[in-house]
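# Residue-level structure breakdown
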Amino acid sequence: MSNTPIRMETVNQVCHITIDRQDKLNALNRAMIGELDQAFEQAANEASVRVVVLTGAGPKAFIAGADIAELQGLDAAGAAAASRQGQALTLRIQHLGKPVIAAVNGFALGGGCEMALACTLRIASSNAMLGLPEIKLGVLPGYGGTQRLSRLIPRGLAMEMALTGDPIDAERALQLGLVNRVVAPEELGATVKALADKLAASAPTAMRCIMDAINRGADSDLEAGLDLESGYFGEVFGTEDMREGTSAFLEKRAPRFTGR
Ligand code: COA
């Protein structure tokens, strides 16, 4: 993917997917959505990848949204198809089966905010601005923002963000639980690396089960969620990693998880 704005590199089991279209603040056109979809599919299928980090290149933006110039040319059917394409990507990210960390290094607006919402965890630099400004263009979020924002922060505050279109800064996003942590811009890389390395050393099957139980459980009733949990609890007891984790504790040593 060397000639595209989507860069992909795996270092020590952490796959870094970077959007590099800095002259347009990493705004996403449909071709880029397709390439991102392929990149995430590859990361999901590659056994050596345990964690994915998604970020934007440059100091200013994570992703400034869908490409407004491209949006302007769409008719109703094209817009619905574009929404479906973006939703499919955000669903792939949410259900990747591996943790995806959004390193939010600046503007995360519209589709950029929606991409961050689909990630498992969000670490923001203190200069980040997050928001759903689509209303200012006379449209609405189309990559899952109306659904995921109100599942992450209180509904009234999600309404306010989507109806006013006004972005919030990183500290406010932290207060609302929209991001997990806020760090100085120069510390973002090291903070995300430490978190990614920690997760990469963890037991992959148990992580997959935890993410799925929390994600799907949040959209079901308690009993269905508990069924999901106990099914996964049984599944992890069939893994070598469960033997390794419990043995390592009893032998007072650090575990070495293999994903088997
Ligand atoms: N789609 C297409 N181009 C975009 C874009 C987007 N979502 N966001 C930024 N750009 C482009 C600008 O048009 C500009 O291109 P140009 O230099 O060819 O004119 C370039 O990126 C730099 O943006 P600019 O607006 O000059 O930077 P700024 O620092 O003054 O403002 C923002 C930054 C993020 C506040 C502003 O770019 C913005 O509001 N972007 C749109 C955000 C949005 O509505 N996203 C949701 C889309 S559905």
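Looking at the element boundaries, Asp241 is found in helix α11 (residues 240–250). Of the side chains with opposite charge, Arg50 comes closest to the buried, unpaired Asp241, at an N-O distance of 6.0 Å. Those residues in contact with Asp241 that sit more than four places away from it in its chain are Ala203, Pro204, Phe257, Thr258, Gly259 and Arg260.

This part is about the environment of Ala39. The residue Ala39 is located in helix α1 (residues 30–45) in this model. On the basis of relative accessible area, Ala39 is assigned to the buried category, the value being 0%. Separated by 77 residues in sequence, Ala39 and Ala116 place their C-alpha atoms 16 Å apart.

A separate point is the domain arrangement of the protein. If you check the domain split of the protein, you get domain 1 (6–200) and domain 2 (204–250). Between domain 1 and domain 2, the C-alpha centre-to-centre distance is 26 Å. Both sides of the domain 1 and domain 2 interface together cover about 700 Å² of buried area, and 60% of this is carbon and sulfur. Counting across the domain 1 and domain 2 interface gives one salt bridge. Salt-bridge contacts for Arg151 lead to Asp219; the nearest nitrogen and oxygen are separated by 2.9 Å. Our count for the contact surface shared by domain 1 and domain 2 stands at one residue pair in polar contact (both at pLDDT 80 or more). Split by residue class, the side of domain 1 that touches domain 2 holds two nonpolar, four polar and three charged.

Moving on, we come to the pairing of strand β1 (residues 6–11). Side-chain direction in a regular strand flips from residue to residue, so the side chains alternate between the two faces of the sheet. Of the strand pairs in this sheet, β1 and strand β2 (residues 14–19) are connected by six bridges, and their pairing is antiparallel. Looking at the pairing, Ile6 lines up with Ile19 of β2. Joining the antiparallel neighbours β1 and β2 is a turn of two residues, in which Asn12 adopts a positive phi near 50°.

Looking now at the sheet that holds strand β4 (residues 61–63). One open sheet accounts for four strands, arranged β4-β6-β8-β9; its pairing is mixed. This sheet does not close on itself; its edge strands, each paired only once, are β4 and β9 (168–169). Of the pairings in the sheet, the one linking strand β6 (residues 107–109) to strand β8 (residues 129–131) comprises three bridges and is parallel in character. The residue of β8 that forms the bridge with Leu109 is Gly131. Across the sheet, helix α4 (residues 111–118) lies against β4, β6 and β8, angled at about 90° from β6, the strand it touches most.

Here we have six strands laid out as an open sheet, ordered β1-β2-β3-β5-β7-β10, and mixed in their pairing. Single-partner strands in this sheet number two, and they are β1 and β10 (181–183). Across the sheet, the mean angle separating the axes of adjacent strands is 20° when strand polarity is ignored. Strand direction decides the pairing type here: strand β7 (residues 121–125) and β10, joined by three bridges, are parallel. Within the sheet, the bridge partner assigned to Ala124 lies in β10 and is Val182.

How each quantity is defined
- Residues numbered from 1 in each chain as written.
- Predicted model: local features only at pLDDT ≥ 70, side-chain atom pairs only at ≥ 80, totals over all residues.
- Heavy atoms only, no water.
- Helix = DSSP H or I, 4+ residues; strand = E, 2+ residues; numbered from the N terminus.
- Buried < 20%, exposed > 50% of the residue type's maximum accessible area, 1.4 Å probe, protein only.
- Lys, Arg positive; Asp, Glu negative; His and termini not counted.
- Salt bridge = Lys/Arg side-chain N within 4 Å of Asp/Glu carboxyl O.
- Contact = heavy atoms within 4.5 Å.
- Domains from an automatic or database assignment.
- Buried area = accessible area lost by both parts, 1.4 Å probe.
- Polar contact = N/O pair within 3.5 Å; in protein donor to acceptor, adjacent residues only side chain to side chain.
- Nonpolar A, V, L, I, M, F, W, Y, C, P; charged D, E, K, R; others polar.
- Pairing = 2+ DSSP bridges.
- Axes fitted to C-alpha atoms, helices over the stretch in contact; angles between N-to-C directions.

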